[in-house]
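Examination of the molecular architecture
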Amino acid sequence: MQLISREEIKTLLEQPKGNCVSIYMPTQPAGPEVRQNPIRFKNLIREAETRLIDAGLEQEDAIALLGKSQEIDTQEFWEQIGEQGLAIFISDNIFRCYPLPIDFQELVVVTDRFHIKPLLPILNGNGRFYILALSQQDVRFFEGTRYSVKEVEVENLPKSLDEALQRDDTAKEGQFRIATSKGGTSNPFSQPGTFHGQGSPDRDRRQEDILQFFQIVDGALHEKLKLQKAPLVLAGVEYLLPLYRQANTYQHLMDEGITGNPEILSAQELHDQAWPIVEADFQKSQQVVLEQFHELFGGDTGKASNNLEEVISAAYYQRVDSLLVAVGQQQWGLFDPSSETVYLHPEKETGDEDLLDFVAAHTLLNGGTVYAVPFEEIPYSTAVAAIYRY
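The paragraphs below set out a description of the structure included in this document. It should be emphasised that the depicted structure is a prediction, and the values quoted were computed from it without experimental measurement. (Residues numbered from 1 in each chain as written. Predicted model: local features only at pLDDT ≥ 70, side-chain atom pairs only at ≥ 80, totals over all residues. Heavy atoms only, no water.)

**A few points about the overall build of the protein**
When helices and strands are tallied, the protein shows 10 helices and 18 strands. For the protein, the residues scored as buried account for 49% of the 390 residues in total. The long-range fraction of contacts in the protein, counting pairs at least 24 apart against all pairs at least 6 apart in sequence, stands at 65%. Summed over all atoms, the accessible surface of the protein reaches about 19000 Å², with 45% contributed by carbon and sulfur. (Helix = DSSP H or I, 4+ residues; strand = E, 2+ residues; numbered from the N terminus. Buried < 20%, exposed > 50% of the residue type's maximum accessible area, 1.4 Å probe, protein only. Contact = heavy atoms within 4.5 Å. Areas by Shrake-Rupley, 256 points an atom, 1.4 Å probe, with all protein chains shown as cover.)

Now the structure itself:
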């Protein structure tokens with residue numbers, strides 16, 4: 001199962017307003033307890049039905065809307081789930097199910113948009129990173145989190161140097177042509193044509209071959225990663241890594257890599273070596289935000305706040321650049337944009353939404369960075385801490 005991406009979360013948030021059901025469920029991936037998964041799932045679906053009816057939907061319409069959930073409620077699905085948590089999103093025109101490596105708290109939310117805050121740890125400190133395992137005979141690409149790693153197929157990514165730089169039988173010795181992509185167009189980072197190697201030492205010519213091979217690899221990854229910010233870790237024998245860095249155009253390539261022959265390493269072994277590299281980077285970026293918040297908070301700059309009512313309005317009007325928000329907690333209430341009024345309620349009332357989720361969603365949609373962290377990691381024991389753009 002693929003990890004959920006920032007773009008998928010944004011797609012969920014941009015769904016037309018209507019009855020949106022968000023279900024978060026802890027799961028048992030193995031052992032006798034796995035039999036509890038379908039029972040818990042049915043209970044949560046019944047709770048969602050009750051909430052839909054409370055929101056004004058007729059019972060038969062609520063049952064029809066939730067009927068899409070039957071697509072996954074099968075013995076085969078529950079036997080193969082293999083993850084710690086399940087996130088399910090249902091509306092009139094969408095059904096999404098994500099088995100994910102996060103131990104969710106049990107939660108059902110029915111509002112006019114999907115509830116996404118429990119997903120956010122995937123995007124930050126617990127979160128997503130990439131591994132590119134390079135050799136001349138084998139190229140593999142992985143997505144990982146703190147908890148898991150999975151190999152991912154990338155369109156037009158060559159598996160070897162020979163595949164990328166196909167020999168032209170009609171050319172003279174020492175010449176080759178650059179392979180075109182499966183779509184028939186040449187790699188956007190390499191000029192099509194012929195490289196003339198005659199008269200060059202074999203070593204220099206081979207190095208030039210490898211560099212152009214890596215340019216093709218980078219071009220394929222560019223399409224996959226052009227909207228991403230997750231760190232990328234290289235794995236390969238030592239002399240290949242600086243050559244790939246010459247070809248690389250991805251801004252979030254880590255300085256430190258995994259040296260050695262990646263062909264003999266399993267996905268899990270690559271993950272175990274990559275995680276300490278990216279974990280330090282995740283912690284560093286979050287620490288930078290904390291330090292910036294402390295510098296700006298309490299002064300006359302007006303560029304930082306931990307007042308939830310102020311932050312809600314700022315997030316709605318695209319002012320929040322960086323946000324720390326408490327995961328595993330909710331603050332129910334309403335925001336009225338016409339009067340910029342925030343209504344906070346100690347208990348959930350009909351029509352309420354989680355305003356912590358509201359802040360996180362609008363920050364994410366407006367291009368800000370969100371760190372969903374335990375409550376105790378937020379300064380001054382508040383549920384939010386925000387740094388403003390202006």
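After that view, the rundown keeps rolling.
**Observations concerning the packing of aromatic side chains**
What the rule picks out here adds up to 17 aromatic pairs. Between W275 and F282, the ring centres sit 5.9 Å apart and the planes meet at 45°, which makes this aromatic pair tilted. We note that W275, like F282, is buried. Within the aromatic cluster, the residues linked to one another by ring pairs are Y24, F89, Y98, F104 and F114. Its end group placed over the ring of Y388, R319 keeps NZ or CZ at 4.3 Å from the ring centre. (Phe/Tyr/Trp six-rings, centres within 6.5 Å; stacked < 30°, edge-to-face > 60°. Lys NZ or Arg CZ within 6 Å of the ring centre and 35° of its normal.)

**Notes on the environment of V373**
Along the polypeptide, V373 turns up in strand β17 (residues 369–373). Residues V373 and L324 lie 49 residues apart in sequence; the distance between their C-alpha atoms is 6.8 Å. The residues touching V373, leaving out its near neighbours within four places in the chain, are Q286, V325, A326, V327 and I378.

**Some words on the sheet that holds strand β3 (residues 94–100)**
Reading across from one edge, β3-β2-β1-β4 is the order of the four strands in this open sheet, with antiparallel pairing throughout. One side of each edge strand has no neighbouring strand; the edge strands of this open sheet are β3 and β4 (107–111). On average, each strand axis in the sheet is tilted by 10° relative to the strand beside it, whichever way the strands run. When strand β2 (residues 85–91) meets β3, the two strands line up antiparallel, connected through seven bridges. (Pairing = 2+ DSSP bridges. Axes fitted to C-alpha atoms, helices over the stretch in contact; angles between N-to-C directions.)

**Regarding the environment of A315**
Along the polypeptide, A315 turns up in helix α9 (residues 308–316). Look at A315 and you get buried, because its relative accessible area is 1%. C-alpha separation for the pair A315 and T363, spaced 48 residues apart in sequence, amounts to 5.5 Å. Setting aside residues no more than four positions away along its own chain, A315 makes contact with V320, V359, H362, T363 and N366.

**Some points on the nonpolar core**
Membership of the largest hydrophobic core comes to 44 residues, with the highest contact counts inside it found for L119 and L323. Residue contributions to this core peak at seven residues, all from helix α10 (residues 355–365). Excluding anything up to four places from it in sequence, L119 contacts I4, I9, Y24, A87, F89, L100 and F104. Grouped together as the second largest cluster of nonpolar side chains are 30 residues, Y130, F214, I216 and V217 included. (Core = buried A, V, L, I, M, F, W, Y, C linked by side-chain atoms within 4.5 Å.)

**A closer look at unusual backbone geometry**
As a rule of thumb, non-glycine residues mostly have phi less than zero, and peptide bonds are mostly trans rather than cis. Unlike most non-glycine residues, E340 shows phi in positive territory, near 55°. For E340, the location among the structural elements is in the loop between β14 (332–336) and β15 (341–344). Its identity as a non-glycine residue notwithstanding, S381 has a phi of 55°, on the positive side. Positionally, S381 belongs in the loop between β17 and β18 (384–388).

**Thoughts on the pattern of salt bridges**
Under the definition given, this model contains 12 salt bridges. A salt bridge links D138 to R140, with the shortest nitrogen-to-oxygen separation between them at 3.5 Å. Each of R113, E353 and D357 takes part in salt bridges that share partners, so that together they form one network. (Salt bridge = Lys/Arg side-chain N within 4 Å of Asp/Glu carboxyl O.)

Limitation: the analysis is restricted to geometry and does not speak to function.
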